[in-house]
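Observations on chain architecture
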Amino acid sequence: DFIQAQNLNAAQIKFVDLIIGYLTQNGVIDKSALFESPFKDLNDNGPFGLFDDAQITKIISILDRINGNADAG
């Protein structure tokens, strides 16, 4: 939904794809991981170098919801 609701460039889509891959392998993601490799490999500032504040807020909200669902399950 996030990708479809945004007008993202190739680097932003790759970043979101990395999140999806990470979640597929691990089930949850600590938000600090977004500032480490492989995420940081796309931009030294991690998500702050790729997305505006509103987009980052949306990403964090989605991750919080996913992580919360994993904790509940």
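Residues numbered from 1 in each chain as written. Predicted model: local features only at pLDDT ≥ 70, side-chain atom pairs only at ≥ 80, totals over all residues. Heavy atoms only, no water.

**Examining the overall build of the protein chain**
- Within the protein chain, the regular secondary structure consists of four helices and zero strands.
- Along the protein chain, from the amino end to the carboxyl end, the secondary structure elements read α-α-α-α.
- Scaling as 2.2 N^0.38, a compact globule of 73 residues should have a C-alpha radius of gyration of about 11 Å, and the protein chain matches this with 12 Å.
- Principal-axis analysis of the C-alpha atoms places the extent of the protein chain at approximately 35 × 25 × 20 Å.
- Within the protein chain, the proportion of its 73 residues that are buried is 30%.
- In the protein chain, the proportion of contacts linking residues at least 24 apart, taken out of those at least 6 apart, comes to 55%.
- A total accessible area of about 4,700 Å² is found for the protein chain, and carbon and sulfur atoms account for 48% of it.
- The positive charge centre, built from 5 side chains, and the negative charge centre, built from 10, are 3 Å apart in the protein chain. (Helix = DSSP H or I, 4+ residues; strand = E, 2+ residues; numbered from the N terminus. Rg over C-alpha atoms; globule rule 2.2 N^0.38 Å. Buried < 20%, exposed > 50% of the residue type's maximum accessible area, 1.4 Å probe, protein only. Contact = heavy atoms within 4.5 Å. Areas by Shrake-Rupley, 256 points an atom, 1.4 Å probe, with all protein chains shown as cover. Lys, Arg positive; Asp, Glu negative; His and termini not counted. Charge placed at Lys NZ, Arg CZ, Asp CG, Glu CD.)

**Digging into the packing of aromatic side chains**
- Taken as a whole and assessed by the stated rule, the structure comprises five aromatic pairs.
- Plain terms: the ring middles of Phe35 and Phe48 are 5.6 Å apart, the flat faces sit at 25° to each other, and that makes the pair stacked. A residue pair is termed long-range when its members are at least 10 positions apart, and Phe35 in the loop between α2 (10-26) and α3 (39-42) and Phe48 in the loop between α3 and α4 (53-72) qualify at 13 residues.
- Taking relative accessible area as the criterion, Phe35 reaches 36% and is therefore assigned partly exposed.
- Three or more aromatic residues link up through ring pairs in this structure, and these residues are Phe2, Phe15, Tyr22, Phe39 and Phe51. (Phe/Tyr/Trp six-rings, centres within 6.5 Å; stacked < 30°, edge-to-face > 60°.)

**Things to note about the environment of Ala54**
- Positionally, Ala54 belongs in helix α4.
- Overall, Ala54 belongs to the exposed group, its relative accessible area being 57%.
- For the pair formed by Ala54 and Pro38, sequence separation is 16 residues and the distance between their alpha carbons is 23 Å.

**Things to note about the layout of surface pockets**
- If you add up the space inside the largest pocket, you get close to 240 Å³.
- What lines the largest pocket is Asp1, Phe2, Ile3, Val16, Ile19, Ile20, Leu23, Ile59, Ile62, Leu63, Arg65 and Ile66.
- Looking at the lining of the largest pocket, the elements that each hand over two or more residues are α1 (2-5), α2 and α4. (1 Å grid on protein atoms, 1.4 Å probe; cavity = no way out; pocket = protein on both sides within 12 Å on 5 of 7 lines; lining within 4 Å. Points joined across faces, edges and corners; volume = space filled by probe spheres on them.)

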